[in-house]
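Analysis of the macromolecular model
Read off the chains here:
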Amino acid sequence: MKKGTPVYEFSKGIWKDNPILVQLLGMCPTLAVTSTVINGVAMALAASFVLIMSSLIISSLRKIIPSSVRIASFIVIIATFVTLVDSFLKAYFYDISKSLGPFIPLIIVNCIILGRQEAFASKNTVKMSVLDAFGMGAGFFLSLLVLSSVREIFGFGTWFGIQVMPDFFKPWTIMIMAPGAFFTLGIMLGVYGIFKMKKSKGV
Amino acid sequence: MELILLFISFVIVNNFVLSQFLGVCPFLGVSKKIDAAFSMGLAVTFVMSITAVASWAVNNFVLKRFGLEILEYVVFILVIASLVQLVEMFVKKVSPPLYRALGIYLPLITTNCAILGLALLISLKEYNFLQGLVMGIGGGIGFTLALVLMAGIREELEAADIPEPMKGAGITLIIAGIMALGFSGFAGLIK
């Protein structure tokens, strides 16, 4: 795949430049809200929406925003969309909004979003930026899905609230606590490292 | 007495990094060397204490008074960004050696979620002025503690034999997990 083609800009976020596993960005919500799959998925969707919308707006305004105040402008645009998402969740999904707590407003300082604006959307066309945002959002979504699935299955014995583990399985409480989050993500990075090593040896 | 308990709770029991997952990015990024970790911790503690005061004031005197709570997020992040800028200018003018020591860490603080998280938690829990200030200082010291401990371990780690795929971030996260486990042992300290 060549750099600069639409397919490349979309797919790089999913595996090669995955925001969580490679760039190690946006760690706080990743670790904090993934004790159940539903929370992880909700967080990923909310953050992806903010990322896509901000990329759209910022790449269209990239010639107007002066570079000396660009960071402040990006943050204000991002914060506006986060306020939108927050009000939406409060109105239609009150339980989810309650359990995500301060982590919805904290999307504002999620480095994935600001990082993509600074590194990509402020320099590329609208079409490419939106594709890039979709790719990064998808990569974020998949990482959170895997992480929260592992934690919920071992921590509660359920997946999306449905019992998947046999009755004699005793839930590992540690998986839903803070240390479990660190351990699971650490092991995920290790597994990713093994895949990458195999690939680089094969080529 | 209540304030002292609150302070201890934010330094150890409700440690910002290890139990609330706020400020994990700098925790992983700036924990390679003890000196750098300590400077970063100091800068964060300083900004957190001022942010606690400023965001409390803005929230109570401006936003609540005029019914503008919907603008909370936009206003908080702007307050933090301008505070960091002000602190940077002030430190540069008053103490150039300190400015050089803090260097690139100061601007990075704007996107540290511990700072915005602090402002949001103070407003969410409806803390009064003193409680907010104690939370800011305690949270900052807790952050410094976690960061310096991690940097100390990582300096030793350079001599250790780590499996290839786990090198770097992987092993750091596992260590963070063990540290979080250790810190959760304090959980019964404060009810």
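Look up a bit, the structure's there.
Please read all numbers here as calculations on a predicted model, not as lab measurements. (Residues numbered from 1 in each chain as written. Chains lettered and ligands numbered in written order. Predicted model: local features only at pLDDT ≥ 70, side-chain atom pairs only at ≥ 80, totals over all residues. Heavy atoms only, no water.)

**A look at empty space enclosed by the protein**
Under the convention used in this document: Think of a 1 Å grid over the protein atoms and nothing else: a 1.4 Å probe that fits but is trapped marks a cavity, an open set flanked by protein within 12 Å on at least five of seven lines marks a pocket, and residues with an atom within 4 Å of a point count as lining. Grid points are joined across faces, edges and corners, and a volume is the space filled by probe spheres set on the points. The secondary structure listing takes helices from DSSP runs of H or I that are at least 4 residues long and strands from runs of E that are at least 2 residues long, numbered from the N terminus. In this classification, the charged set is Asp, Glu, Lys and Arg, the nonpolar set is Ala, Val, Leu, Ile, Met, Phe, Trp, Tyr, Cys and Pro, and all remaining amino acids, among them Gly, are polar.
As enumerated under the stated definition, the model contains 2 cavities of 30 Å³ or more in all. For the largest cavity, the calculated volume is near 70 Å³. What lines the largest cavity is a set of 13 residues, among which A:Cys28, A:Pro29, A:Val109, A:Asn110 and B:Cys113 lie closest to the centre. Looking at the lining of the largest cavity, the element that brings in the most residues is helix α2 (residues 27-32) of chain A, giving 3 residues. Volume-wise, the second largest cavity comes out at about 40 Å³. Mapped by element, the contributors of at least two residues to the lining of the second largest cavity are α3 (37-60), α6 (111-121) and α7 (126-156) of chain A. The biggest single contributor to the lining of the second largest cavity is α3(A), with 3 residues. Residue classes in the lining of the second largest cavity are distributed as 5 nonpolar, 3 polar and no charged.

**Focus: the nonpolar core**
Inclusion rule: As used here, the term nonpolar core means buried Ala, Val, Leu, Ile, Met, Phe, Trp, Tyr and Cys residues forming a set that is joined through side-chain atoms within 4.5 Å. Think of it in three bands: with a 1.4 Å probe and only protein chains considered, a residue is buried below 20% of the maximum accessible area for its type, exposed above 50%, and partly exposed in between.
A:Ile107, B:Leu18, B:Phe27 and B:Leu116 are the most contacted members of the largest nonpolar core, which has 111 residues in total. Among the elements that take part in this core, helix α3 (residues 34-63) of chain B stands out by supplying 10 residues, more than any other.

**As for the packing of aromatic side chains**
Residues and elements named next belong to chain A. What counts is decided by this rule: Geometry of aromatic contacts follows a simple scheme: Phe, Tyr and Trp rings, the Trp one being its six-membered ring, pair when their centres are within 6.5 Å, and the pair is stacked under 30 degrees between planes, edge-to-face over 60, tilted otherwise.
In total, this model carries 13 aromatic pairs over all chains according to the counting rule given. Taken together, a centroid distance of 6.0 Å and an interplanar angle of 80° make the contact between Trp15 and Phe195 edge-to-face. Residue Trp15 is found in the loop between α1 (6-11) and α2, and its partner Phe195 is found in helix α8 (residues 178-202); the two are separated by 180 residues along the sequence. Classification of Trp15 as partly exposed rests on a relative accessible area of 42%. When the centroid spacing of 6.5 Å and the interplanar angle of 85° are considered together, the rings of Phe49 and Phe81 count as edge-to-face. Taken as a pair, Phe49 in helix α3 and Phe81 in helix α4 (residues 70-92) lie far apart in primary sequence, 32 residues in all. Looking at Phe81, the relative accessible area reads 11%, which means it is buried.

**As for the interface of chain B and chain A**
Many structure descriptions define interface size as the accessible area lost when the parts assemble. What counts here: Contact definition: two residues touch when any of their heavy atoms are within 4.5 Å. Within this document, salt bridges are pairs made up of a side-chain nitrogen of Lys or Arg and a carboxyl oxygen of Asp or Glu, the two lying within 4 Å of each other. Polar contact is the term for a pair of N or O atoms within 3.5 Å; when the atoms are in protein, one must be able to donate a hydrogen and the other to accept it, and sequence-neighboring residues count only if both atoms are side-chain atoms.
At the junction of the two partners, chain B supplies 35 residues and chain A supplies 37 residues. Our enumeration of links across chain B and chain A arrives at 0 salt bridges. Inspection of the region where chain B meets chain A yields 1 residue pair in polar contact (both at pLDDT 80 or more). Only α2 (24-29), α4 (72-94), α7 (113-125) and α9 (169-184) of chain B provide two or more residues apiece to the side of chain B that touches chain A. Ranked by the residues each element gives to the side of chain B that touches chain A, the list is headed by α9(B), at 9 residues.

**Observations concerning α4(B)**
Inclusion rule: To estimate the expected span of a helix, subtract one from its residue number and multiply by 1.5 Å.
Its 23 residues give α4(B) an end-to-end C-alpha distance of 32 Å, which sits within 8% of 33 Å, the value for a rise of 1.5 Å per residue. The set of residues buried in α4(B) consists of B:Glu72, B:Tyr73, B:Val74, B:Phe76, B:Ile77, B:Val79, B:Ile80, B:Leu83, B:Val84, B:Val87, B:Glu88 and B:Val91. At its buried positions, α4(B) is contacted by α4 of chain A together with α3, α5 (96-102), α6 (105-108) and α7 of chain B.

**Overview of the environment of B:Asn112**
Residues and elements named next belong to chain B. Mapped onto the secondary structure, Asn112 falls in the loop between α6 and α7. A relative accessible area of 2% places Asn112 in the buried class. The residues contacting Asn112, other than those within four sequence positions of it, are Gly23, Pro26, Met40, Val44 and Phe143.

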